[in-house]
Each structure stands twice: as structure tokens, then as C-alpha cells.
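# An overview of the molecular structure
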Amino acid sequence: MSLQFSYKLTDTDIYAQLLYRVHPQDAQRLDEASLLEVVQRAVTEQNKYLHHRECNILIFADTFGVIPEQGVGGRCGDSDLINIFIDPNHKAGVKHNIEKWFPSALAHELYHARRYVTYKFGTTLGESLVEEGLPSLFEEFMQPDLQVPYAHYLNQEELAQAWKKVLSLLKSGDHSR
């Protein structure tokens, strides 16, 4: 079963296309009305700061790209396309994850999309830290009450340990370590 609907959001050229590839028993657990409300609210609020004009947001009921602890994840490959993935079988429940984690994932990916208008992907670990750090800070800015597990401030001890690990790798293209 596949459900698809498309909405123009706000007064920009930002479109959300909600594409669901789900089994019939999962379809009831994906509440289109709640998701659309969260998407509209998040895009409107976030775009007050980003001023992004054109972007397609594709939302999939799928486990690909999902952060396991959150049940939601995203990918942004360019300035005009964002993919958000929602695990329809996540233990915390789809509605909970849409309300709690979807706006955070969208903020992160919209920041990437806005930045990619003028700056493309880097190749070194140092560039990748900036590319992921800035969207993570925007997530925290947009949702100050939500502690994003991969984007928290490091205390002095954590920072010293992290620098020991990455200092020699900052100009490396190998991000696997």
C-alpha cells in the first residue's frame, strides 16, 4: 500500500510530499493530519530564521535513515531536497516520535538545505564536523527543551578526550574512525 499527498507550505515554495510505503496494518498508525500539522508548524517556525525559498520534503514510513533511539531521521543531499524517515514500528510510537523528534530532524535537514545554497559538502573530518555541528546547534536553538543526544555541549574533560581522538584526523577524508 502506498499513500501520497503533497502540500504547499507557508508563502514560500516549500512543499512537503508525504510518501508512505507501508503494509496495510501499519497505515492506521501513521496519522496524516497530525503529521501535516507538525510539518506546517515546524516549517513555518524554522523558516523565520532560515528564509529558505524552495525545497521538497519527502517523508517516508521506513526504517532506512532512522536514528534508532528516536525513530526519526533525515538526509539532505542538496538545497532543494530533504528526506525524512519515520519508523512505523518504533517502540515509542509514531505519534510520539513525530511530535518529539520530527521537528528536530526537520530543523537539522532544513539547515543543511539552506547552507547548501551557497556551500557544498566538504571532504575532511574538520569540514564534516562544521557541516553537522551547525545544523545540530540549529536543532537545539529551535527546540531548547529537547536534548539532542548527538549534539550536546561537551564538558572540559569530554572535550579534551574528543580532541585527542580527532586532532590528527581533521584534514583526513577518512570519517570511519
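To be clear, the structure that these remarks concern was listed above.
### Some remarks on the overall build of the protein
The helix and strand tally for the protein stands at 6 helices and 5 strands. Taken across its 177 residues, the protein has 45% of its residues classed as buried. Put simply, 64% of the contacts in the protein that link residues at least 6 apart link residues at least 24 apart. Approximately 10100 Å² of the protein is accessible, and the part contributed by carbon and sulfur atoms is 53%.

### Some words on the pairing of strand β3 (residues 54-61)
Strand residues, when the strand is regular, have side chains that alternate between the two faces of the sheet. β3 sits mainly inside the fold: 6 of its 8 residues count as buried. Sheet topology note: the β3/strand β5 (residues 81-86) ladder contains 6 bridges and is parallel. By the bridge assignment for β5, L58 is matched with N83.

### Concerning a nonpolar patch on the surface
There is a patch of nonpolar side chains on the surface, built from L154, L159, W163 and L167 and spanning about 370 Å² of accessible area. Mapped onto the elements, W163 comes out in helix α6 (residues 156-166).

### Some remarks on the nonpolar core
I59, I82, I84, I86 and F102 are the most contacted members of the largest nonpolar core, which has 28 residues in total. Counting residues per element, the ones that place at least two in this core are α2 (32-50), β3, β4 (72-78), β5, α3 (94-100), α4 (102-115) and α5 (125-142). Among the elements that line this core, the one with the most residues is α4, at 7 residues.

### Brief notes about the pattern of salt bridges
For side chains bearing opposite charge, pairing can occur when the charged atoms are close. Scanning the model with the defined rule gives 2 salt bridges in all. Where E45 meets K48, a salt bridge forms, and the shortest distance between an N and an O atom there is 3.1 Å. Of the two residues, E45 and K48 both sit in helix α2, 3 residues apart, roughly one turn of that helix.

### Brief notes about the packing of aromatic side chains
Counting across every chain of the model gives 5 aromatic pairs. Ring centres of F60 and F85 lie 5.5 Å apart, and the angle between their planes is 20°; this geometry places the pair in the stacked category. A residue pair is termed long-range when its members are at least 10 positions apart, and F60 in strand β3 and F85 in strand β5 qualify at 25 residues. Assigned by exposure class, F60 and F85 land together as buried. Within the aromatic cluster, the residues linked to one another by ring pairs are Y49, Y111, F138 and F141. Note that R115 overlies the ring of Y119, its terminal NZ or CZ placed 4.5 Å from the centroid.

### Observations concerning the packing of α4 against α5
Relative orientation of the contacting elements α4 and α5 amounts to 135°, with a least axis distance of 8 Å. For the element pair α4 / α5, the angle class is oblique. Both α4 and α5 take part in a crossing whose hand is right-handed. Contact with α4, carried on its side by S104, A105, A107, H108, Y111, H112 and R115, involves V130, E131, E132, L134, P135, S136, F138, E139 and M142 of α5 and no other residues of that element. Here the residues of the contact of α4 with α5 sort into 8 nonpolar, 4 polar and 4 charged.

The rules we used
Residues numbered from 1 in each chain as written. Predicted model: local features only at pLDDT ≥ 70, side-chain atom pairs only at ≥ 80, totals over all residues. Heavy atoms only, no water. Helix = DSSP H or I, 4+ residues; strand = E, 2+ residues; numbered from the N terminus. Buried < 20%, exposed > 50% of the residue type's maximum accessible area, 1.4 Å probe, protein only. Contact = heavy atoms within 4.5 Å. Areas by Shrake-Rupley, 256 points an atom, 1.4 Å probe, with all protein chains shown as cover. Pairing = 2+ DSSP bridges. Patch = residues over 30% accessible without salt bridge, like charges linked within 9 Å, V, L, I, M, F, W, Y side chains within 5 Å. Salt bridge = Lys/Arg side-chain N within 4 Å of Asp/Glu carboxyl O. Core = buried A, V, L, I, M, F, W, Y, C linked by side-chain atoms within 4.5 Å. Phe/Tyr/Trp six-rings, centres within 6.5 Å; stacked < 30°, edge-to-face > 60°. Lys NZ or Arg CZ within 6 Å of the ring centre and 35° of its normal. Axes fitted to C-alpha atoms, helices over the stretch in contact; angles between N-to-C directions. Parallel < 35°, antiparallel > 145°, perpendicular 65-115°, else oblique. Left-handed = near helix turned anticlockwise from the far one by under 90°. Nonpolar A, V, L, I, M, F, W, Y, C, P; charged D, E, K, R; others polar.

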